[in-house]
Amino acid sequence: MRLKNIAIAVVLAFIPVLASAQFKDLDAAMSNLSRGFGSGDPQAIVVGMAGDDHVELQFPGLLEQSGFYGRDQATYILDGLFNKVKPSGFDTKSARKVSAEGQYHLVANWAIKTAGGAETRELYITLRQKSDGRWSIASIRSAGK
């Protein structure tokens, strides 16, 4: 019985870690965003969302819906986006930390293949630093074509 209680306590100890998945640092954020947008892996992106956060998604000309979404909805939307356009590259153009706001602003070139051919769009990504020092995604917006 005591062993069972210890096992339950160990499992319960890890639940907050799983529920608050965010990027541990900016290097992890950049790596995951590059993998996610470079190869079309929505999980690599949404791992940077806290469970109770809502992220702004806006992809004009690629998706009709835009707004603020929780992790599950964001996964669904990004998966649909990556099925519609085939990502082929992600290259960071600029990265700027705004310490006073606790934010990190990224501008990247995102190479995609659409029905009309290959194109490159600018992505504007804002990360927000949480009180525990981790980073979560606040918004992802694409320039329209």
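Heads up: the structure comes first, above all this text.
Peer 1: I'd like to hear about the pattern of salt bridges, residue by residue, with values.
Peer 2: Within this structure, the stated rule accounts for four salt bridges. Residue Lys 130 is joined to Asp 53 by a salt bridge in which the shortest nitrogen-to-oxygen separation is 3.0 Å. Linking Lys 130 in the loop between β5 (117–129) and β6 (135–142) with Asp 53 in the loop between α3 (42–46) and β1 (55–58), this pair joins segments that are 77 residues apart in sequence. Lys 130 sits in the partly exposed class, given a relative accessible area of 24%. Asp 53 sits in the buried class, given a relative accessible area of 10%.

Peer 1: So what's going on with the nonpolar core? Residues and values would help.
Peer 2: Leu 33, Phe 37, Phe 59, Leu 81, Trp 110, Leu 127 and Ile 137 are the most contacted members of the largest nonpolar core, which has 32 residues in total. Broken down by secondary-structure element, the contributors of at least two residues to this core are α2 (26–39), α3, β1, α4 (71–84), β4 (103–114), β5 and β6. For Phe 59, the residues in contact, after removing those within four places along its chain, are Phe 37, Leu 78, Leu 81, Trp 110, Leu 123, Ile 140 and Ser 142.

Peer 1: How would you explain the sheet that holds strand β3 (residues 86–98) if you had to name every residue and give the values?
Peer 2: Strand order in the open sheet formed by six strands is β2-β1-β6-β5-β4-β3, with mixed pairing between adjacent strands. The two strands at the open ends of the sheet, each matched to only one other strand, are β2 (67–69) and β3. In this sheet, adjacent strand axes meet at a mean angle of 25° when their direction is disregarded. Docked against the sheet, α2 engages β3, β4, β5 and β6, running at close to 155° with respect to β3.

Peer 1: Describe the pairing of β4, with residues and values.
Peer 2: Examined bridge by bridge, β3 and β4 share 11 bridges and lie antiparallel to one another. Counterpart to Phe 90 in the pairing with β4 is Trp 110. Connecting β3 to the antiparallel partner β4 that follows it, the hairpin turn spans four residues, and Gly 102 within it adopts a positive phi of roughly 65°. Inspection of the sheet shows β4 paired to β5 by 12 bridges, in the antiparallel sense. Along β5, the bridge assignment pairs Leu 106 with Ile 125. Hairpin connection, β4 to β5: the antiparallel pair is bridged by two residues.

Rules used in this analysis
Residues numbered from 1 in each chain as written. Predicted model: local features only at pLDDT ≥ 70, side-chain atom pairs only at ≥ 80, totals over all residues. Heavy atoms only, no water. Salt bridge = Lys/Arg side-chain N within 4 Å of Asp/Glu carboxyl O. Helix = DSSP H or I, 4+ residues; strand = E, 2+ residues; numbered from the N terminus. Buried < 20%, exposed > 50% of the residue type's maximum accessible area, 1.4 Å probe, protein only. Core = buried A, V, L, I, M, F, W, Y, C linked by side-chain atoms within 4.5 Å. Contact = heavy atoms within 4.5 Å. Pairing = 2+ DSSP bridges. Axes fitted to C-alpha atoms, helices over the stretch in contact; angles between N-to-C directions.

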